[in-house]
Amino acid sequence: MISLDNVSVRAGAFRLEGIQLLVPAGEYGILMGKTGAGKTSLLEAVIGFKSVVAGSICLAGRDVTHMNPAVRGIGYLPQDGALFSTLTVEENLAFALKIRRVEKERIASRVRELAELMGIGPLLKRQTHGLSGGERQRVALGRAMAFEPRILCLDEPLSALDSETREQILQLLLTIKRLNQVTILHVTHDLGEAKRLADKIFRLVNGKIEASDTALSGIRDS
Amino acid sequence: MSDSIDTDSIDSVNVQDDFSMRNAWIARSNQLFAISFVLIGSTYLLLILGMLLADVAYVLDQSVSKAKNASSFWGSMLADNPISVSLRDPKIQHSIWLSMISCTLAAILSVVFAVPLGYVLSRIPFRGRNLVDAFLDIPIVLPPLIVGLSLLILFQFTPFRWVARSIVYQVPAVILAQWAVSCAYAVRTMKMTFDQIDPRCEQVAISLGCTRFQAFSLVTFPEAKLGLLTAFTLAWARSLGEFGPLLIFAGATRMKTEVLSTSVFLEMNVGNIEGAVAVSLLMIAVSIVVMIITRWASYHPTDGKA
């Protein structure tokens, strides 16, 4: 579950005020808004890169409002993937587990599992440079899911991809959604993406969230 | 109808004429532009080349004129040329050793300070960051003599005064003076390096469970390796070329605080131009090696991303 209660965040020159947002456990929430509406700022507040001015953030039943991002247990996928370029694909996938001092055998089996889910088995020994845009997103998504987080935060994961790759990654996200193990908050400005993936859609307009149910029904009617 | 066709064709002939004239004029103007820029630019290139070749020619000329009177021409060319003579001189040997050691220590110190400074300036927003950034340029823009004088004056004050006897006009002063200037170049380089590395990578590492130090040491620092090499070599080269601050703060005592740049000055002072040029040639060779390393490293700024 991702729950924001009356959250206020500074976003550049303006402020997001009184944000209410609830994505129930296992559901797929999409946060929409125009460029500059503050979507990324709100996502950063959830992850913990940005401190909130007021209100509280609960993730999977824990109040994390003032917690360090490192302990919030969120798998984070930034727009460009932001792969660790000095590590191989395999080392990228294993990163979160190594930090947690998981035993070698368990890391190896989890990496195999992720590689299969993401369809990147043949890439494991490769360096990250030279990977295509789609491959990079698959690796980054695998890296974010490696430690089995209960929350995934995706920042425009499809916007830098060509239409064919976009469809493939979208299918991958649908697969992850069907596995029903994580609660997802996905930021995008693309309505088509939102319609196909979302259980709940939140629109960020003028620093406020428009009621999610009306937003969704409005989209379904159109 | 026919009238209008005629005027049309006349017009189009005029237009065509105008066109080709303008075309020719533009072509000539472009040619002139290219030629003048190449000429102006190449004058400076020729000056650089001329300076280097003059040094080499001078040393060769001296060697040949000595070798002509010697019993074995090639033996004398090899043994009595100004570079070999300088290399045999214990004073120059001392100066080479001191230069290598002091430059290396100054460069290591520079990098040790430049990594955190460059990182903070690049990543952590704080009030007055631009001011601090500009402040760090002061050693670069300050006249070198003033750096030396300011260091000397600084060591008149407590607590520096307590250690002044073992630093000023001693070997530590050489390293300190070299570091005071070269560190500013290393900071610039490290800041640029960190600017080029995507801060998102570090954020991802933190979200995956890293402390800031882990994120820095496991993700950002490995990506900054080549930048670090550039910063080190640049600081090393700056230290090698440093002269003004050394003269004032460390003095130019033979066999004590004499480094290569001081040697050139001292040899000139005693009228040994050959020796001065020979030492210069050694320094030119080292500088070119440094330039090649920094060039190579800056073509691969963040390991793989280039």
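Small disclaimer: the values here were computed from a predicted structure and weren't measured.

A.B. asks: How would you sum up the overall build of chain A? Please name residues and give values.
C.D. replies: If you tally the helices and strands in chain A, you get seven helices and ten strands. Dimensions of chain A, computed from C-alpha atoms along their principal axes, come out at roughly 45 × 40 × 30 Å. The buried share among the 222 residues of chain A stands at 45%. Sequence separation of 24 or more characterises 70% of the internal contacts of chain A that already satisfy a separation of 6 or more.

A.B. asks: Tell me about the overall build of chain B, and name the residues and values.
C.D. replies: Summing up its helical and strand segments, chain B has 15 helices and zero strands in all. Expected size for 306 residues packed as a compact globule is a radius of gyration near 19 Å; at 29 Å, chain B overshoots this value by more than 25%. With the C-alpha coordinates of chain B rotated into their principal frame, the extents come out at 105 × 75 × 35 Å. Counting all 306 residues of chain B, 33% fall into the buried class. Long-range pairs, those at least 24 residues apart, make up 73% of the contacts in chain B with a sequence separation of at least 6.

A.B. asks: Give me the lowdown on the sheet that holds strand β9 (residues 200–205) of chain A, citing residues and values where you can.
C.D. replies: Residue and element names in this part refer to chain A. Taken in spatial order, the six strands of this open sheet run β6-β7-β8-β3-β9-β10, and their pairing is mixed. Looking along the sheet, the strands with just one partner apiece sit at the ends: β6 (74–77) and β10 (208–210). The average undirected angle you get between the axes of adjacent strands in this sheet is 20°. Strand direction decides the pairing type here: strand β3 (residues 28–32) and strand β8 (residues 183–188), joined by five bridges, are parallel. Pairing of Tyr28 across the sheet is with Ile184, part of β8. Each of β6 and β7 (151–155) touches helix α4 (residues 133–145); the most contacted strand, β6, lies at about 165° to it.

A.B. asks: I'd love a proper account of the confidence of the model for chain B, names of residues and values included.
C.D. replies: Residues and elements named next belong to chain B. On average, residues of chain B score 90 in pLDDT, and 93% of them reach the 70 mark or higher. Low confidence marks residues 302–306, where pLDDT is under 50. Its contacts with residues over four positions away, or in another chain, come to 17 contacts. In the model output, the complex is listed with pTM 0.84 alongside ipTM 0.92.

A.B. asks: Could you give me a rundown of the pairing of strand β1 (residues 2–11) of chain A, with the residues and numbers involved?
C.D. replies: All names here are of chain A. Pairing analysis gives seven bridges linking β1 to strand β2 (residues 14–23), with the strands arranged antiparallel. Paired with Val7 across the bridge in β2 is Ile19. Bridge analysis of β1 against strand β4 (residues 54–59) gives five bridges, and the strand direction is antiparallel. Bridging from a neighbouring strand, Ser3 pairs with Cys58 of β4.

A.B. asks: Would you mind going over helix α15 (residues 273–299) of chain B in detail, with residue names and values included?
C.D. replies: Since the α-helix turns once every 3.6 residues, residues separated by three or four places project in the same direction. Taking 1.5 Å as the rise per residue, α15 of chain B with 27 residues should run 39 Å; its terminal C-alpha atoms sit 38 Å apart, in good agreement. Listed as buried for α15 of chain B are Glu274, Gly275, Ala276, Val277, Ala278, Val279, Ser280, Thr294 and Ala297 of chain B.

A.B. asks: Tell me about unusual backbone geometry, and name the residues and values.
C.D. replies: Residues other than glycine predominantly adopt negative phi, and peptide bonds predominantly adopt the trans conformation. Along the chain, Thr158 of chain B connects to Pro159 of chain B via a cis peptide bond; the corresponding omega equals 0°. As for its position among the elements, Pro159 of chain B is in the loop between α7 (144–154) and α8 (160–167). At Glu148 of chain A, a residue that is not glycine, the phi angle is positive and equals roughly 50°. Examined against the element boundaries, Glu148 of chain A turns out to sit in the loop between α4 and β7.

A.B. asks: Summarise the nonpolar core; cite the residues concerned and give the values.
C.D. replies: Counting residues in hydrophobic clusters, the biggest one holds 122 residues, and the most contacted among them are Cys153 of chain A together with Ala186 and Ala235 of chain B. At 15 residues, helix α9 (residues 171–196) of chain B tops the list of elements feeding residues into this core. Excluding residues that lie within four positions of it along the chain, Ala235 of chain B makes contacts with Ala106, Ala107, Ser110, Val111, Ser182, Cys183, Tyr185 and Ala186 of chain B.

A.B. asks: Tell me about the interface of chain B and chain A, and name the residues and values.
C.D. replies: Counting residues at the interface gives 19 residues for chain B, matched by 19 residues for chain A. Ranked by the residues each element gives to the side of chain B that touches chain A, the list is headed by helix α10 (residues 199–207) of chain B, at six residues. Of the residues that constitute the side of chain B that touches chain A, the class distribution is seven nonpolar, seven polar and five charged.

A.B. asks: Would you mind going over the sheet that holds β4 of chain A in detail, with residue names and values included?
C.D. replies: Across the sheet, which stays open at both edges, the four strands sit in the order β2-β1-β4-β5 (chain A) with antiparallel pairing between neighbours. Looking at strand neighbours, the two that pair on one side only are β2 and β5 (62–63) of chain A, the edges of this open sheet.

A.B. asks: If you had to explain helix α2 (residues 89–99) of chain A to someone new, which residues and values would you point to?
C.D. replies: Residues and elements named next belong to chain A. Among the eleven residues that make up α2, eight are buried, leaving the element largely enclosed by the rest of the structure. Those residues of α2 lying buried are Val89, Glu90, Asn92, Leu93, Ala94, Phe95, Ala96 and Leu97. In the core, the buried residues of α2 are packed alongside α3 (104–118) and α4. Residue Arg101 follows α2 closely and has a positive phi angle near 55°.

A.B. asks: Before we move on, can you summarise the environment of Asn206 of chain A with the specific residues and values?
C.D. replies: Within the secondary structure, Asn206 of chain A sits in the loop between β9 and β10. We classify Asn206 of chain A as exposed; it has 11 C-beta atoms within 10 Å.

A.B. asks: Account for the confidence of the model for chain A, with residues named and values stated.
C.D. replies: In the predicted model, chain A carries a mean pLDDT of 90, and the fraction of residues at 70 or more is 95%. Taken element by element, chain A is modelled with least confidence in helix α7 (residues 212–221) of chain A, mean pLDDT 49, and with most confidence in α2 of chain A, mean pLDDT 96.

A.B. asks: Go over the packing of α2 of chain A against α3 of chain A, please, and point to the residues and values.
C.D. replies: Residue and element names in this part refer to chain A. Contact geometry for α2 and α3: axes closest at 10 Å, N-to-C directions at 130°. By the criterion of interaxial angle, the relationship of α2 to α3 is oblique. As α2 runs across α3, the sense of the crossing is right-handed. On α3, the residues touching Glu90, Leu93, Ala94, Leu97 and Lys98 of α2 are Ile107, Arg110, Val111 and Leu114. Its residues assigned to classes, the contact of α2 with α3 comprises six nonpolar, no polar and three charged.

Reading guide: rules and limits
Residues numbered from 1 in each chain as written. Chains lettered and ligands numbered in written order. Predicted model: local features only at pLDDT ≥ 70, side-chain atom pairs only at ≥ 80, totals over all residues. Helix = DSSP H or I, 4+ residues; strand = E, 2+ residues; numbered from the N terminus. Buried ≥ 20, exposed ≤ 12 C-beta atoms within 10 Å, placed from the backbone. Contact = placed C-beta atoms within 7 Å. Rg over C-alpha atoms; globule rule 2.2 N^0.38 Å. Pairing = 2+ DSSP bridges. Axes fitted to C-alpha atoms, helices over the stretch in contact; angles between N-to-C directions. pLDDT = per-residue confidence, 0-100. Expected span 1.5 Å × (residues − 1). Core = buried A, V, L, I, M, F, W, Y, C linked by C-beta atoms within 7 Å. Nonpolar A, V, L, I, M, F, W, Y, C, P; charged D, E, K, R; others polar. Parallel < 35°, antiparallel > 145°, perpendicular 65-115°, else oblique. Left-handed = near helix turned anticlockwise from the far one by under 90°.

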